[in-house]
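Here's the letter readout for the chains.
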2 protein chains.
Amino acid sequence: MNNSSKEAKTVEGLTVCIVGVGLISGSFALALRDKGLAKHIIGVSRTEKSANRAIELGIIDEALPLLEAIKKSDFIYVAIPVDTTIPIMQTIMDTITEQQFVADAGSTKLALCEALQNHPMRHRFVATHPMWGTEYSGPEAAVRDAFKGRACVICEKEKSDKDIVDAIETIYKTLGMNIIYMDAAAHDMHAAYVSHISHITSFALANTVLEKEKEDDAIFALAGGGFESTVRLAKSSASMWAPIFMQNRDNVLDVLNEHITQLRKFKSALEKENLEFLEELMHNANKINRILK
Amino acid sequence: MNNSSKEAKTVEGLTVCIVGVGLISGSFALALRDKGLAKHIIGVSRTEKSANRAIELGIIDEALPLLEAIKKSDFIYVAIPVDTTIPIMQTIMDTITEQQFVADAGSTKLALCEALQNHPMRHRFVATHPMWGTEYSGPEAAVRDAFKGRACVICEKEKSDKDIVDAIETIYKTLGMNIIYMDAAAHDMHAAYVSHISHITSFALANTVLEKEKEDDAIFALAGGGFESTVRLAKSSASMWAPIFMQNRDNVLDVLNEHITQLRKFKSALEKENLEFLEELMHNANKINRILK
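Bear in mind the structure is a predicted one, so any value in this text is a computation, not a measurement.

*Asks:* Please give an account of the overall build of chain A that cites residues and values.
*Replies:* Of regular secondary structure, chain A possesses 13 helices and eight strands. Relative to its length of 293 residues, chain A is compact, with a C-alpha radius of gyration of 21 Å against a globular reference of 19 Å. If you line up chain A on its principal axes, its C-alpha atoms span 70 × 40 × 30 Å. The contacts of chain A with a sequence gap of at least 6 include a subset with a gap of at least 24, amounting to 76%. Of the side-chain charges in chain A, 32 are positive and 39 negative, and the distance between the mean point of each set is 3 Å.

As structure tokens, then:
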């Protein structure tokens, strides 16, 4: 399958189709244009409103239906909720020619890679996950210089043609990202620990406070004490994150069970007024300092 | 007790004693000096090392033992772990004269207010909690302009002389803070919801990841996906936070139980592959957006 005889792809002045015109695809499109990698950007959007907004914001040059957009493009980049990615990617793979190439930006990788594994055009697809995001969504959420300094995971590199892996790497590196290779299952496991669980705890923390703290004013006034940063992700889009949790269900349940166990240790230390155990739990948590900057 | 006949205190050029030379007291001292409120700042520190570092950093002018420092000061400001605050505050209250005044910056208020309620000098003390902090500690953690735009809670205002409540308010307002009045029990309850639980979830999240994710490199490389902001507080000082959780045990246990219940709902939605329930939980959490900016 691996077509290594193909010439290296020139990565500049591409006609690019972005499927989805939101946080990730929008930021990606802005970066492609800023770096001179794209000369024409076509957007595919579920809604006319988002498409128009993306044109107004200078993210895309035109909006077209999917099949028309694919036909006009060198490179198709898919950044939509992971549940809708699979059927749309099937359509894209059924439509493209050997001269075109495709990548996705989804937060889960195994389900998509499995869905595409026997497709005759699999070799024209690169599975990627640029590790950047904010709690906002839609074309207005797109920001310039979004991906700089962050990691981008590429999965199952060996199943994609060398020319397009090179092209994708050149694109992400030009955007300032560091490339990491992983198999899809390893990606999904690590993503559960370092990203998906953070979102679940943040959603659950928001629900905790909304359930118990009936005085909005008190929350608003006092929220300086660490609350905002831990609860920030609770503003994230349910239509984007629910399918991620579902697709990565086994890993997310694993880490969620462990997290509940860890919270129970704090509960037990408090119930027993065991200051020593409480401090031990916290000193252990401090070790995260070694890993983060 | 309330001595409202006393003349309004002039709040400038004070000689101030800060007990503790760390994150809060250090930032407070820097702000007092920047605003011209203090002409001389004396630090009281457990360790010579911190005291010397605070002098080097321009936070304090000199370091003295507690009793000597009190004698030379107009205003004594206590910002040390909440468990050691109580005995040290007793000593301070036993030592001060009617011309001096005292405030604390502790994250819990009920235990301290109860401990001091029958002290004959109670009227020269103001219970305060400036709602600002970072995950760092020690004199190096002190920052300029730290408190600006944040809330400061004053508890049991009616038990403090009017002249010193006015002085404390002037000081915090000059630092750019908004004053909120609350009784001590209400403060501790709200603080559990909007601050203490955030710290516990962050500590527990760090422990979850450290327990399950044995590949440090993977955490480090992938941590862009929301992890850093939710786990940031896990770097916080155990010696500062363990006593806060202990003193505010009932409220913290209440909210921790609710939080575990909320996490279990996510677990149940995932186990049952109930996408509708999962999305409902997340849409509810999105309501936090209404409260935060």
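*Asks:* Provide a residue-level description of the pairing of strand 8 (residues 178-182) of chain B, including the pertinent values.
*Replies:* Residue and element names in this part refer to chain B. Sheet topology note: the strand 7 (residues 151-155)/strand 8 ladder contains five bridges and is parallel. Bridge assignment links alanine 151 to a residue of strand 8, and that residue is asparagine 178. The parallel pair strand 7 and strand 8, bridged by helix 6 (residues 162-174), forms a crossover whose chirality is right-handed.

*Asks:* Can you break down the sheet that holds strand 8 of chain B residue by residue, with the values?
*Replies:* All names here are of chain B. Strands sit in the order 3-2-1-4-5-6-7-8 across an open sheet of eight strands; the sheet is mixed. Looking along the sheet, the strands with just one partner apiece sit at the ends: strand 3 (62-63) and strand 8. Pairing between strand 2 (residues 38-44) and strand 3: two bridges, direction parallel. Paired with glycine 43 across the bridge in strand 3 is alanine 63.

*Asks:* Any details on empty space enclosed by the protein? Residues and values, ideally.
*Replies:* Residues and elements named next belong to chain B. Enumeration according to the criterion identifies four cavities of 30 Å³ or more in this entry. Put simply, the largest cavity is a space of about 50 Å³. Contributing to the lining of the largest cavity are Leu23, Thr134, Glu135, Tyr136, Ser137, Ser236, Ser237, Met240 and Trp241. A class-by-class count of the residues in the lining of the largest cavity yields four nonpolar, four polar and one charged.

*Asks:* Could you give an account of the UniProt feature "transmembrane region" (unreviewed entry) in chain A, naming the residues involved and the relevant values?
*Replies:* Within this numbering scheme, the UniProt entry marks residues 13-32 of chain A as carrying the feature "transmembrane region" (unreviewed entry). A helix fraction of 50% and a strand fraction of 30% characterise residues 13-32 of chain A, whose end C-alpha atoms lie 9 Å from each other.

*Asks:* I'd like a rundown of helix 7 (residues 184-212) of chain A, residues and numbers included.
*Replies:* All names here are of chain A. Counted at 1.5 Å a residue, the expected span for helix 7 with its 29 residues is 42 Å, and the 40 Å between its end C-alpha atoms agrees. Taking the largest bend as the criterion, helix 7 deviates by roughly 50°, centred on alanine 192. Among the 29 residues of helix 7, 24 are classified as buried, and the element is accordingly described as predominantly covered. Of the residues that open helix 7, the one with a side-chain oxygen 3.1 Å from the backbone nitrogen of alanine 185 is aspartate 183.

*Asks:* Give me the relation of the copies chain B and chain A: which residues, what numbers.
*Replies:* You can overlay chain B on chain A at an RMSD of 0.0 Å; the transform is a turn of 180° with a shift of 0.0 Å along its axis. The transformation relating the two chain copies, once decomposed into turn and shift, fits a two-fold axis. Residue threonine 230 of chain B, judged by its C-alpha, is the member of chain B lying nearest the rotation axis, at 2.2 Å. By residue overlap, the copies meet face to face through one surface: 100% of the interface positions of chain B are interface positions in chain A.

*Asks:* Explain the layout of surface pockets to me, using residue names and the numbers behind them.
*Replies:* Residue and element names in this part refer to chain B. The space that makes up the second largest pocket amounts to roughly 800 Å³. If you go around the second largest pocket, you meet 32 residues; those closest to its centre are Gly20, Arg46, Ala79, Ile80 and Pro81. At the level of secondary structure, the elements contributing two or more residues to the lining of the second largest pocket comprise helix 1 (23-34), helix 4 (82-95) and helix 10 (238-247). Looking at the lining of the second largest pocket residue by residue, the class counts come to 16 nonpolar, 13 polar and three charged. When residues of the lining of the second largest pocket are assigned to domains, at least three map to each of domain 1 (14-182) and domain 2 (187-291).

*Asks:* Outline the packing of helix 12 (residues 275-286) of chain A against helix 10 of chain B, supporting the account with residue identities and numerical values.
*Replies:* In contact at an axis separation of 9 Å, helix 12 of chain A and helix 10 of chain B are set at 135° when each is read in the N-to-C sense. Taken together, helix 12 of chain A and helix 10 of chain B sit at an angle that is classed as oblique. In this structure, the crossing between helix 12 of chain A and helix 10 of chain B has a hand that is right-handed. Residue-level contacts link Leu275, Leu278, Glu279, Met282, His283 and Asn286 of chain A of helix 12 of chain A to Ala238, Ser239, Trp241, Ala242, Pro243, Phe245 and Met246 of chain B of helix 10 of chain B. Class assignment for the residues of the contact of helix 12 of chain A with helix 10 of chain B results in nine nonpolar, three polar and one charged.

*Asks:* I'd like a rundown of the interface of chain B and chain A, residues and numbers included.
*Replies:* Accessible area lost on assembly of the parts is the figure often given for the size of an interface. Each partner contributes residues to the interface: chain B has 93 residues there, and chain A has 93 residues. For the side of chain B that touches chain A, the element with the highest residue contribution is helix 7 (residues 184-212) of chain B, accounting for 21 residues. The residue makeup of the side of chain B that touches chain A, split by class, is 49 nonpolar, 24 polar and 20 charged.

Scoring rules and cut-offs
- Residues numbered from 1 in each chain as written.
- Chains lettered and ligands numbered in written order.
- Predicted model: local features only at pLDDT ≥ 70, side-chain atom pairs only at ≥ 80, totals over all residues.
- Heavy atoms only, no water.
- Helix = DSSP H or I, 4+ residues; strand = E, 2+ residues; numbered from the N terminus.
- Rg over C-alpha atoms; globule rule 2.2 N^0.38 Å.
- Contact = heavy atoms within 4.5 Å.
- Lys, Arg positive; Asp, Glu negative; His and termini not counted.
- Charge placed at Lys NZ, Arg CZ, Asp CG, Glu CD.
- Pairing = 2+ DSSP bridges.
- Right-handed = clockwise from strand over helix to strand, strands pointing away.
- 1 Å grid on protein atoms, 1.4 Å probe; cavity = no way out; pocket = protein on both sides within 12 Å on 5 of 7 lines; lining within 4 Å.
- Points joined across faces, edges and corners; volume = space filled by probe spheres on them.
- Nonpolar A, V, L, I, M, F, W, Y, C, P; charged D, E, K, R; others polar.
- UniProt positions renumbered as here; feature names shortened; annotations may be inferred.
- Expected span 1.5 Å × (residues − 1).
- Bend = angle between axes of the 7 residues up to and from the residue.
- Buried < 20%, exposed > 50% of the residue type's maximum accessible area, 1.4 Å probe, protein only.
- Polar contact = N/O pair within 3.5 Å; in protein donor to acceptor, adjacent residues only side chain to side chain.
- Least-squares fit on C-alpha atoms with pLDDT ≥ 70 in both.
- Domains from an automatic or database assignment.
- Axes fitted to C-alpha atoms, helices over the stretch in contact; angles between N-to-C directions.
- Parallel < 35°, antiparallel > 145°, perpendicular 65-115°, else oblique.
- Left-handed = near helix turned anticlockwise from the far one by under 90°.

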